[in-house]
Amino acid sequence: MASPVLETACCMIAIPESNDTFAKLLPSYPEPSYTKETLMAYNVLSIVSSSLSIVAAVYQLFPKKLASHIRTDREIKSVLRQNYIISWLTVADLAATAGVLIRSGFWLSELRTKYRMNWSMSSHIFCVITSAWIQFFYISTYFWTFIFALDTYLLTINKKSYWRLYHMLSWGITTLLCAVGLTALYAPDLHECRKLQKLLPHYISSLLPLVMTMIANPILYSRTSKAVQLHICGGGSFTDRERQILHGLKTRFRAFMLAFFICWLPTLVSVCFEPAVHNLKNKPLAFKVVLSLTSILNPLQGFLNSLLYRGVGLCPSWILRDRGFDDPVSSSPSPSTPLLDSTESFPTNWSQRSIR
């Protein structure tokens, strides 16, 4: 799970019913409210979901040929521009789900071998490190999801990409948010992370980019659809085929947002639950159900993204092929190695070269 709630952030969900050994190390640690069977079910669900996403993410990164309808330099550059963003989103998804798989596998193996008698500070530190890894890369996926929507809009209105800004958001700001949130949560001692008041910076750092993406992306996709419709209407006629294309574009945008909300809405709900159930030994059934959903849906993001973004070339450039609009301008470098194009390399400065 990637939920930032206390149960997972402090690795409390990993501790079975009897924690006598660990209690000697951390006497202020709360008594867990989950049975061994419940914990095993959580981790099995996470392993299955993350395994699906890892396979799908690897498949997404396999080289592929450009679609046959993509012919002009403009179309090729536009598709490569979007695929560049998708490739980084996929890499972040892959890293995050790999962290979920490793952590859940560790928890499950310890549960199966009755690790309650062997739990140690080193095990807890390992759990904290993997949890921080998961948080970092999932926050990065929020930013890359936002960047994809933003760049699609910029592409539609013939504006250049801002690659340095994109990487600063997805890696630099993510590093800053994680550093602030995790330092506030774990310092000065790991066991103090159970205090509810220490969760506020952690919640803000984890959920701010998530909420930003949930709010901004529908607006950006709506403006993109309107811009495409304006371009089409400005060309004179508005044919049935173009209506179908525009409808398909809007449908795909809705699918992007639906998948994102499905994966992350349970996380927001679990955070809202946390203050009310914090001091309860027996957590309400609704809270346990929400945590179960996060164990499935958070890691499933990579799988859903691979289905929705695979072969994307969805940018409106080819829709406007016969309308005679100017090419979008791009002036930033691309990655030095190709990730998605099997027949052509991604030039170091493809804004100044034709892609044949």
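A.B. asks: What's the story with the overall build of the chain in this structure? I'm lost.
C.D. replies: Regarding its fold elements, the chain presents ten helices and zero strands. When the helices and strands of the chain are placed in sequence order, the string is α-α-α-α-α-α-α-α-α-α. The buried share of the chain, taken over its 356 residues, is 54%. Sequence-distant contacts, at least 24 apart, represent 83% of the contacts inside the chain between residues at least 6 apart.

A.B. asks: Can you walk me through the nonpolar core in this structure?
C.D. replies: The tendency in soluble globular proteins is for nonpolar side chains to be buried side by side. Counting 60 residues, the largest nonpolar core has Trp 144, Leu 210, Tyr 221, Trp 264 and Tyr 309 as the members making the most contacts within it. Per element, the largest residue contribution to this core is 16 residues, and it comes from helix α5 (residues 121-156). Core analysis: the next-biggest nonpolar cluster, separate from the first, contains five residues, Leu 39, Val 277, Phe 287 and Leu 291 among them.

A.B. asks: Would you take a moment to explain unusual backbone geometry for this structure?
C.D. replies: Among all residues except glycine, the phi angle is most often negative; among peptide bonds, the trans geometry is most common. Even without a glycine there, the phi angle at Asn 158 is positive, about 60°. With respect to the helices, strands and loops of the structure, Asn 158 is situated in the loop between α5 and α6 (163-186).

A.B. asks: Whenever I open this one, the side chain of Ser 206 confuses me. Can you help?
C.D. replies: Within the element layout of this structure, Ser 206 appears in helix α7 (residues 199-234). Owing to a relative accessible area of 5%, Ser 206 belongs among the buried residues under this scheme. For Ser 206, the side chain forms a polar contact with the side chain of Gln 135, separated by 2.7 Å.

A.B. asks: In this structure, what is going on with the packing of aromatic side chains? I would like to understand it.
C.D. replies: Aromatic ring pairs are reported here in terms of the distance separating the ring centres and the angle at which the planes meet. Counted by the stated rule, this structure contains 20 aromatic pairs. Plain terms: the ring middles of Tyr 59 and Phe 62 are 6.4 Å apart, the flat faces sit at 75° to each other, and that makes the pair edge-to-face. Look at Phe 62 and you get partly exposed, because its relative accessible area is 44%. Judged by centre distance (5.0 Å) and plane angle (75°), the rings of Tyr 138 and Trp 264 are edge-to-face. Of the two residues, Tyr 138 is situated in helix α5 and Trp 264 in helix α8 (residues 240-277); the sequence distance between them amounts to 126 residues. Members of the aromatic cluster, connected to one another through ring pairs, are Trp 88, Trp 133, Phe 136, Phe 137, Trp 144 and Trp 171.

A.B. asks: Hey, could you run me through helix α10 (residues 301-309) in this one?
C.D. replies: Since the α-helix turns once every 3.6 residues, residues separated by three or four places project in the same direction. Burial analysis of α10 places seven of its nine residues in the buried class, the great majority of the element. All of the buried residues in α10 are Gln 301, Gly 302, Leu 304, Asn 305, Ser 306, Leu 308 and Tyr 309.

A.B. asks: Is there a simple way to think about the environment of Asn 217 in this case?
C.D. replies: Tracing the sequence through the fold places Asn 217 in helix α7. C-alpha of Asn 217 to C-alpha of Phe 146: the two residues are 71 residues apart in sequence and 6.1 Å apart in space.

A.B. asks: Help me understand a nonpolar patch on the surface in this model?
C.D. replies: Among the surface-exposed residues, Val 44, Val 48 and Leu 52 lie close enough to one another that they form a single nonpolar patch of about 240 Å² accessible area. Of note, Val 48 is situated in helix α3 (residues 36-61). Overall, the relative accessible area of 49% leaves Val 48 in the partly exposed class.

A.B. asks: Would you mind going over the environment of Asn 298 with me for this structure?
C.D. replies: Within the secondary structure, Asn 298 is located in the loop between α9 (285-297) and α10. When its relative accessible area of 0% is taken as the criterion, Asn 298 is described as buried. When the C-alpha positions of Asn 298 and Val 100 are compared, they lie 9.4 Å apart, and in sequence the two are 198 residues distant.

A.B. asks: Is there a simple way to explain the pattern of salt bridges in this structure?
C.D. replies: Pairing is possible between side chains that carry opposite charge, provided their charged atoms lie close to one another. In the structure shown here, the tally under the stated rule is one salt bridge. The salt bridge involving Arg 81 is made with Asp 151; its shortest N-O contact spans 2.9 Å. Taken together, the positions of Arg 81 in helix α4 (residues 73-112) and Asp 151 in helix α5 put the pair 70 residues apart, joining distant regions of the chain. For Asp 151, a relative accessible area of 0% translates into the label buried.

A.B. asks: Honestly, the environment of Ala 216 in this entry has me stumped. Any pointers?
C.D. replies: Considering the arrangement of structural elements, one finds Ala 216 in helix α7. Residues Ala 216 and Phe 146 lie 70 residues apart in sequence; the distance between their C-alpha atoms is 7.3 Å.

A.B. asks: I would appreciate a short explanation of the packing of α3 against α9 in the present structure.
C.D. replies: Axes are the key here: two packed helices are described by the angle between their axes and the distance separating the axes. With their axes 7 Å apart at the nearest point, α3 and α9 run at an angle of 25° to one another. Here α9 runs roughly parallel to α3, going by the angle between their axes. Between α3 and α9, the residues in contact are Tyr 42, Leu 45, Ser 46 and Ser 49 and Lys 288, Leu 291, Ser 292, Ser 295 and Ile 296, respectively. In terms of residue class, the contact of α3 with α9 is made up of four nonpolar, four polar and one charged.

Scoring rules and cut-offs
Residues numbered from 1 in each chain as written. Predicted model: local features only at pLDDT ≥ 70, side-chain atom pairs only at ≥ 80, totals over all residues. Heavy atoms only, no water. Helix = DSSP H or I, 4+ residues; strand = E, 2+ residues; numbered from the N terminus. Buried < 20%, exposed > 50% of the residue type's maximum accessible area, 1.4 Å probe, protein only. Contact = heavy atoms within 4.5 Å. Core = buried A, V, L, I, M, F, W, Y, C linked by side-chain atoms within 4.5 Å. Polar contact = N/O pair within 3.5 Å; in protein donor to acceptor, adjacent residues only side chain to side chain. Phe/Tyr/Trp six-rings, centres within 6.5 Å; stacked < 30°, edge-to-face > 60°. Patch = residues over 30% accessible without salt bridge, like charges linked within 9 Å, V, L, I, M, F, W, Y side chains within 5 Å. Areas by Shrake-Rupley, 256 points an atom, 1.4 Å probe, with all protein chains shown as cover. Salt bridge = Lys/Arg side-chain N within 4 Å of Asp/Glu carboxyl O. Axes fitted to C-alpha atoms, helices over the stretch in contact; angles between N-to-C directions. Parallel < 35°, antiparallel > 145°, perpendicular 65-115°, else oblique. Nonpolar A, V, L, I, M, F, W, Y, C, P; charged D, E, K, R; others polar.

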